[in-house]
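Chain by chain, the residues run as shown.
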Amino acid sequence: MNAAPADQIRLLDVQALDVRLQQLAHKRKSLPEHAEIESLSKDLAQLRALLVAAQTEESDCAREQAKAEQDVDQVRKRAERDQQRLDSGAVTSPKDLSNLQHEIASLAKRQGDLEDIVLEVMERREAAQERVKELTERVASVQAKADDATARRDAALEEIDKEVASVTKEREVIAAAVPADLLKFYDKLREQYGGIGAAKLHQRTCQGCRQELAITELNDIRAAAPDRVVRCENCRRILVRTAESGL
């Protein structure tokens, strides 16, 4: 393949822009905010699961407390009715009096036991409420960090995308001045060889593979016409000759 030396040199400009686009793509993927957001998202998921569990426990305790308080109220009212019967003097039979007194005593013990249950449930509910409060604050704190990281990531991505657009436009302009067949060949090599399709020959060294050319290869390049497109024997990329090639 033949191409004017100026067109070959333009390939180096295209290559430099392609390298920059690769760097920007890598930068886009490797922003530290990505890992930060992922870590915070995992923390949020765990905290929210714990918060739901704590809220469920608090809700269960509230229902249990309401039921226990209702039981206490029922026993208290029954004991009050029995005490009123006892105090009224309506019960005169010694046996009935004994049974009534026994029942009042039993109801008092039952009420005491139920009130103990109410206190125990209340303590568990208060602990659950404290846990809910603590987890709510932790969720809010981590969410704020996640929001901040997301804002920083989005701002960084916006800057990267702006530069990508600028570099892409510049590449289009320069690439338009390169012959279509040469550009197509370059793009094919760039895809094959890790994003580098053309490299400068600098001081007898290929800048694509960083290998110094053998004397026989240098002699072949010296003998080649200026418009001949030569390739590195080591990495097979296009070798662009300049005044600094050391030929």
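Our subject is the structure that appears above.
Residues numbered from 1 in each chain as written. Predicted model: local features only at pLDDT ≥ 70, side-chain atom pairs only at ≥ 80, totals over all residues. Heavy atoms only, no water.

**Q** Looking at this model, I keep getting lost on the overall build of the chain. Mind explaining?
**A** Tallying secondary structure elements over the chain gives 5 helices and 4 strands in all. Beginning at the N terminus, the succession of helices and strands in the chain can be written as α-α-α-α-β-β-α-β-β. Here the chain has a C-alpha radius of gyration of 42 Å; the compact-globule value for 247 residues is 18 Å, and the former is much larger. Each of the three principal axes of the chain carries a C-alpha extent, and together these read 135 × 35 × 25 Å. For the chain, the residues scored as buried account for 30% of the 247 residues in total. Taking the contacts inside the chain whose residues are at least 6 apart along the sequence as the reference set, 74% of them involve residues at least 24 apart. Treating the 40 positive side-chain charges of the chain as one cloud and the 46 negative ones as another, the clouds have centres 7 Å apart. (Helix = DSSP H or I, 4+ residues; strand = E, 2+ residues; numbered from the N terminus. Rg over C-alpha atoms; globule rule 2.2 N^0.38 Å. Buried < 20%, exposed > 50% of the residue type's maximum accessible area, 1.4 Å probe, protein only. Contact = heavy atoms within 4.5 Å. Lys, Arg positive; Asp, Glu negative; His and termini not counted. Charge placed at Lys NZ, Arg CZ, Asp CG, Glu CD.)

**Q** Would you explain unusual backbone geometry in this entry?
**A** The general pattern is negative phi for most residues beyond glycine and trans for most peptide bonds. In this structure, Arg210 takes a positive phi of about 65 degrees despite not being glycine. Here the phi dihedral of Arg236 falls at roughly 70 degrees; this positive angle occurs in a residue that is not glycine. Examined against the element boundaries, Arg236 turns out to sit in the loop between strand S3 (230–231) and strand S4 (238–241). Overall, Arg236 belongs to the partly exposed group, its relative accessible area being 30%.

**Q** Teacher, can you tell me more about the state of the cysteines here?
**A** Linking two cysteines covalently via their sulfur atoms produces the bond known as a disulfide. Tallied over the full model, the rule gives 0 disulfides. In this model Cys206 remains outside any disulfide bridge; the closest cysteine sulfur is found in Cys235, 3.7 Å from its own. In this structure Cys232 is not part of a disulfide, and its nearest cysteine sulfur, from Cys235, lies 3.8 Å away. (Disulfide = S-S within 2.5 Å.)

**Q** In this structure, what is going on with the nonpolar core? I would like to understand it.
**A** What tends to happen in soluble globular proteins is that the nonpolar side chains get buried as a cluster. If you look at the biggest cluster of nonpolar residues, it comprises 14 residues, and the most contacted ones within it are Leu11, Val178, Leu182, Tyr186, Ala198 and Ile238. Contributing elements (two or more residues each) for this core: helix H1 (5–29), helix H4 (180–192) and S4. Broken down by element, the residue count for this core peaks at 4 residues, all from H4. Discounting chain neighbours no more than four positions away, the residues touching Tyr186 are Leu11, Val14, Gln15, Asp18, Arg171, Gly197, Ala198 and Ile238. Within the second largest apolar cluster, 12 residues are counted, among which are Leu40, Leu44, Leu51 and Ala54. (Core = buried A, V, L, I, M, F, W, Y, C linked by side-chain atoms within 4.5 Å.)

**Q** Help me understand the sheet that holds strand S1 (residues 198–202), please; the structure alone is not making it clear to me.
**A** Strand pairing in a sheet takes place through backbone hydrogen bonds and is either antiparallel or parallel in direction. Ordered in space as S2-S1-S4-S3, the 4 strands form an open sheet in which the pairing is mixed. Each edge of the sheet is formed by a strand with only one pairing partner; in this case those strands are strand S2 (205–206) and S3. Of the strand pairs in this sheet, S3 and S4 are connected by 2 bridges, and their pairing is antiparallel. Looking across to S4, one finds that Arg231 is bridged to Ile238. Set on the sheet, H1 makes contact with S1 and S4; between it and S4 the angle comes to about 115 degrees. (Pairing = 2+ DSSP bridges. Axes fitted to C-alpha atoms, helices over the stretch in contact; angles between N-to-C directions.)

**Q** Just to check I follow, could you spell out the pairing of S4 for this structure?
**A** Regular strands show a simple pattern: their side chains alternate between the two faces of the sheet. Judged by which residues are buried, S4 turns out to be covered on both faces: Ile238 and Val240 on one side and Leu239 and Arg241 on the other are all buried. With 4 bridges connecting them, S1 and S4 associate as parallel partners. Across the sheet, the residue bridging to Leu201 is Arg241, located in S4. With antiparallel pairing between neighbouring strands as the criterion, S3 and S4 make up a hairpin whose turn holds 6 residues, including Arg236 at a positive phi of roughly 70 degrees.

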